Structures are given as C-alpha cells and as structure tokens.
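Here is how the chains run, residue by residue.
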Amino acid sequence: MTAGFALPSRFGAQSLGGCYAPETLMQPLLDLETAFQAALADPAFLLTLKGELRHFVGRPTPLTPAPRLASKLGLKALFLKREDLTHTGAHKINNALAQALLAQRMGKTEIIAETGAGQHGVATAAACARLGLGCTVYMGVTDMARQAPNVARMRLFGAKVVPVEAGQGTLKEAVNEALRAWAGTCDRAHYILGSALGPHPFPTLVRSFQTVIGEEARAQVLEQSGALPEVVLACAGGGSNGLGLLVPFLRDELRRVAVEAGGHGAALGEHAARLDGGRMGVLHGCKTLLLQDEHGHTAETASISAGLDYPALGPELAALVLDGAVEVRRASDDEALSGARQLCKAEGILPALESSHALALLPALAAEGVATVLLGLSGRGDKDLSTYQSRLGI
Amino acid sequence: MSLNPLLPFLMAGDPSLEALSALLAEAKTLGLEAIELGLPHSDPIADGPVLQAAAHRAIGRGATPLKVLESLAGITQSPDIILFTYFNPLLQIGVPRLLRLLAGTPVKALLVVDLPFGEEPGFEADLRAAGYPMVPLLTPTTSLARARHILSDRPDPGVSRSFAQRFAYVVARLGVTGTGQQVDLGPISARVQQLQAISERPLAVGFGLSDPRSLAAIRALGATPVIGSALVQELADGQNLHETLSLRMVNDR
C-alpha cells in the first residue's frame, strides 16, 4: 500500500495498480487524490459538472436501437450507446471536462495531456478553451499522421500539440513525454490522463468520471426494452471506455465483454491484445497486464486504431478480467474495418476505428447464440476517414 | 569524514558493454568512490532526451539487464556501483535471481526511480537484508515531513558503511534528468541545509548540474554533486572519462 493515500490504490486478487511514480510526482498525486475526494463531496462541484455535461458535452447521449444491423447479424436486439454524439465526438470528453474542472478547482492554470487517436487531446483542448486554461498535448508522430484532423482541431482550440518522435511514435511514447513534462511543471500544471491507467489515483479518477456512460445506458436499456441485454460490449485500449460502460453492470447477471485490438497478426509486436501474451509488469506508474519482452522492456504494438494501440490494459479492467468479471476478446484490423462498414450501411452511423473493434465481435456473439447486445459506440469515425478510404477502397 | 567530490552516472552499454569494465577501472583510478550505473530501459519516464537516447542505443546494441549484470560479475577494479533502474526489469528478473546476479558484482545499492517507498515493501526488505539498500530520493516536491518519513523507511545503515549505501539523493529541480535549464542554486542551498539538519547521511545533489562552477557550489554545501547527462553525452561523443571528469573533480581539492 502506497504511503499516504486515502483511497484504495490496488485492484483485484493480484493487487494490480499501485503508484509506481518518480518521487517528484508523489506529492502532486497525493494532492490530486485529496482534491478529487473533496470535489466529489462538494455539491457545488457536482452541480457544475452535471451542468457542463448536459449543456456543453450533450449528455445524456442517446441509446439507439439498431434493428437493421441486428437482423443482418442474426441478433434479436442491438442497442448502441452513442458516445459518438458527445461534443468532440468520443467518450473522452466526460473525463477531460471533469478533470479540467478539478484542475481549475485546485488552482492550476496549465493542462498537460497525452493523446493517441487524438480524441482525448481534442476533448482536453476543448475543455481547456471553455475554462480558459492553457493546454499542451503530447502526441506521437505516427498518430499525428494518421489522425491529422484531430491535430488541426486541437490547434484550433488553442492547444499546443507537441510531436513525440521516440520509439514507434504512438500513445506509449506520448504518455512518457506527458509524464516528463508534468514532472517539470507540477507546481502549476495538472496532467489530465485520458485512460484508466497511470499511477494512483488516475485509474480511479478516470473510471469514476466515465461510469456515467454505463449508468445512463443501463437506465435507458431498461426503459426501452424492459430488460437488461445478455451482453454488454465495449472496446478496450487503456480501459476508460471499457470501465465506463461495464462497471455499472458489474452486479447484473449478464456477460461483460471487452474487445482488444488484434492488429494484423498473433506474434508479439503485431497486435495490442494484452490478454494474449501480456504478463504482469509495471508501465507508466501502474502494475498490470503488459506486452513486454523477457527483459521487461515494453513490446511494440500494432493496431489500425490509434486509440487501442497501447501495450498495457488499465489495472482495474485487467483485475476485473483476471478475477472473472469481464471477458476479453480480440478483433483484427480487417474485422474492425468490416464491422465499421456494416454499421455504416445498415444504420447510417460512422463509427471510430476503436468502436469498430466492438462491432467486429457481433457476428461471433450471434454465432454463440447471443440474442441481445448493448454496445458502447465510444466515438465517431470522421477522424478515421482517410484510413477507411484507403483500406476499404472507397 | 571526507567529502566524496563527485558522483558520476554512466549508462551501461553506452558507448558499449565491452567498454564497461575499462570505464569502471578508469573511474577507480580517478579516485571515485561510487558511480551510478544506469540499466537501460525502454521507457525511462524520469529521464530527459540524452539518457533516453543513450538507453535506446544501449538496448539496440543488446545491453539487456541480464547481460549488464552478468558483465559486472567478478569485477573488482571499480568504484561502488549504485544500480540506477526502473522497477519493471527487476520485477521480471525476480528477487531470487536478482540476488544471484548481484552477488559478486560491485553493486552496493539500488536507485529505482519509479519505486516510491512503501510500494513494494517485500521487495525492498529482501534486497536490504541481502545488502542492497534502496537510495532514498528527495525532490523539490518532497515535504520535510515526507523526507523524514522516507529517510526512516530507507534507513541509514550506519557510518561504518560506504557512501553508496548511506547517501540520500537530493533532486535539484523539478523535471527529468538532463541539462539545458539553468539551475538556481539558491533553493538547492536552502534545501541541503534543511536536510543536513535532520540527517547525518551524506547527500548527493543531481539533475541539471554539469559545469564545474555548479559542481563546486554543491561541494561547498558539503554535498556530492552528481553528473549524468552531460557525461553520458561527452562519452558518446568520443571523449574519455579522464578528460571529462578530471576538470570537474579537482577545483576544490
């Protein structure tokens, strides 16, 4: 147990999570936990957050029945939780806005963020613009190239986007650089981590600001269909979307499924499926399932989806998986592309490549005899148009 | 007790693993009491660009943690080594194997940058019992109360032990390792005096120090300056250890 923290920092039977942070960041992390607890106990903060989620983000997001896609796939019913309809186009804004409000409450004037697909970066840049906070986003150069529209959006919102050239130039390197930057500016800056990972209290913070997805979805599906679905399904990169949707269903008798990026092959370096070949390890401040080589060096990963292209599964989600509460499946690049195409044609909805990994699992679930599914559509696919164009030949 | 004048940092495997034993012998000849040796890691989140690049070069040349530790076995012509590392490689090696690998090397202590005190108490206790204490790190964000806590959790093994096993590492400024920012010596001086008032342990001060004047200023406070990124860069550029260190060691001798 990390000295000084009030909230539990570990998850599950194998004590995942924790706080493996350089000493420079320990006091800022302790302060963050204190501020987080105080904010959650402050009705005025909660009221402000609720108001911003409603009037700026556009919550509650709809739960859209998808009858044509359901019937094509042989499902009785399919419901889509429409995080793609939030302002900035993905679930990331729920956490980014809440943490920006928290940072403001702490008297911080600058915000640092990492981003993979750019959705968290765009959400953070938008929240900072709205609250008048300075914003610097670290993004790998590979991701900047494949998610160029989001780079432009961040810059329009006044954020500084810093290219990270090390390694593969993806999310892992962006987190490295954001942690370094925070160590240099923690006296005035808050780091808005976008995934349910990192040192304590970040995984808890992010999860608690994202469970609004599942809370809304659970009430909506009961209202619309009078029953819970057999399966609740979400894609999982670090785990903010997966936990956000699945955690509010933990006490229900149903299957909770997270889908990882299967990339283009089964060998280490060809995918980002941490349940296949991931071992217990420490990266970016937490102990969790990690794709790594035998020396404890982080392995390379591959996915068509920048938001899932990350070597570690967030510690709380990994613990839920290891303890049997959540199943993990994988979908390949090609399966995700075909899942996206099906949704576009059947329902007129363009999903993000990340969300398409959840869609890609639907045929398999139908083949297993599943009749009803609630799927987290975590984001919209406008940012991925160039990938869809080149890979689907349209 | 005479002051240890300098604590240099080398990245194992950079310029090359083959050159390591000669570098350590040269360091011993220069009269250095202790040296920090970096275990190259893929994701060094507390290091700036120079040490990250050195780590990646070393990994590219095959300097795995096992090869580094095996290459240290049996070396006697060396200052005491403080193994500077991240936690994950040690976790993957595991304590029993790690202890076997460390036996017979000049490693006398570990500095695990991403392991705050109390996070892995069993791991720390096993290593300390085997003679490998963890170096306490104190940064500008560490309150004095927390500093006392850290110094008692990672206790001073006593005056009969060497500098490597006793010292506390005082981080001179916010941020990561490396040069480039001008270090303000005023707050460092106040900090060192504050810590000297609560602890008898030798102190080393690092992060951002490289020019002889700053190093001398740290010595004037009764603390040992650490030189890392600048040294690693100069060695990578082809200078030898004697060239790069002698100027930085002598000015107050």
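In this text the structure is predicted, and so the values were computed from the model without any measurement.

## Focus: the overall build of chain A
Along its length, chain A carries 16 helices and 14 strands. Its C-alpha atoms give chain A a radius of gyration of 19 Å, within 12% of the compact-globule value 21 Å for 394 residues. For chain A, the spread of C-alpha atoms along the principal axes amounts to about 55 × 50 × 45 Å. Counting all 394 residues of chain A, 62% fall into the buried class.

## Things to note about the nonpolar core
Note that soluble globular proteins tend to have their nonpolar side chains buried in a common cluster. In this structure, Leu233 of chain A together with Val170 of chain B are the most contacted members of the largest nonpolar core, which totals 214 residues. If near-sequence neighbours (up to four positions away) are discounted, valine 170 of chain B is found in contact with Leu138, Arg191, Val192, Leu195, Leu203, Ala204, Val205 and Ala223 of chain B.

## Quick word on the packing of helix α4 (residues 92–105) of chain A against helix α5 (residues 119–131) of chain A
All names here are of chain A. Running from N to C, α4 and α5 cross one another at 40 degrees; their axes reach a closest spacing of 8 Å. Taken together, the axes of α4 and α5 are oblique relative to one another. In the crossing of α4 with α5, the sense of the turn from one axis to the other is right-handed. Here Lys92, Ile93, Ala96, Leu97, Ala100 and Gln104 of α4 come into contact with α5, specifically with Gln119, His120, Ala123, Thr124, Ala126, Ala127, Cys128 and Leu131. Looking at the contact of α4 with α5 residue by residue, the class counts come to nine nonpolar, four polar and one charged.

## A short note on the interface of chain B and chain A
How big an interface is tends to be stated in terms of the accessible area lost upon association of its parts. Taken together, the 32 residues of chain B in the interface contact 30 residues of chain A. Taken together, the elements giving at least two residues each to the side of chain B that touches chain A come down to α2 (49–60), α3 (65–72) and α4 (87–93) of chain B. Counting residues per element, the side of chain B that touches chain A draws most heavily on α4 of chain B, which supplies five residues. Of the residues assigned to the side of chain B that touches chain A, the class counts are 16 nonpolar, 13 polar and three charged.

Procedures and definitions
Starting afresh in each chain, residues are numbered from 1 along the sequence in its written order. As a convention, the first chain written is A and the first ligand written is 1, with the rest following in written order. The predicted origin of the model limits local features to residues at a pLDDT of at least 70 and limits the giving and counting of side-chain atom pairs to 80 or more, whereas totals for whole chains, interfaces and linings rest on all residues. Strands are runs of DSSP state E lasting at least 2 residues, helices are runs of H or I lasting at least 4, and numbering of each runs from the N terminus. Radius of gyration here is computed from C-alpha atoms only, and the compact-globule reference equals 2.2 Å multiplied by the residue count raised to the power 0.38. The burial criterion counts other C-beta atoms lying within 10 Å of a residue's C-beta, which is placed from the backbone; the residue is buried at 20 or more, exposed at 12 or fewer, and partly exposed between these limits. Linking buried Ala, Val, Leu, Ile, Met, Phe, Trp, Tyr and Cys residues through C-beta atoms within 7 Å yields a set, and such a set is a nonpolar core. Once C-beta atoms are placed from the backbone, any two residues with those atoms within 7 Å are in contact. Helix axes are fitted to C-alpha atoms over the stretch in contact, other axes to C-alpha atoms as well, and angles between N-to-C directions run from 0 to 180 degrees. In this scheme, roughly parallel covers angles under 35 degrees and roughly antiparallel covers those over 145, while 65 to 115 is roughly perpendicular and the rest are oblique. Note on convention: the crossing is left-handed when the near helix lies turned anticlockwise from the far helix by less than a right angle, right-handed when the turn is clockwise. When residues are grouped by polarity, Ala, Val, Leu, Ile, Met, Phe, Trp, Tyr, Cys and Pro land in nonpolar, Asp, Glu, Lys and Arg in charged, and all others, Gly among them, in polar.

That's the geometry; what it means functionally is another story.
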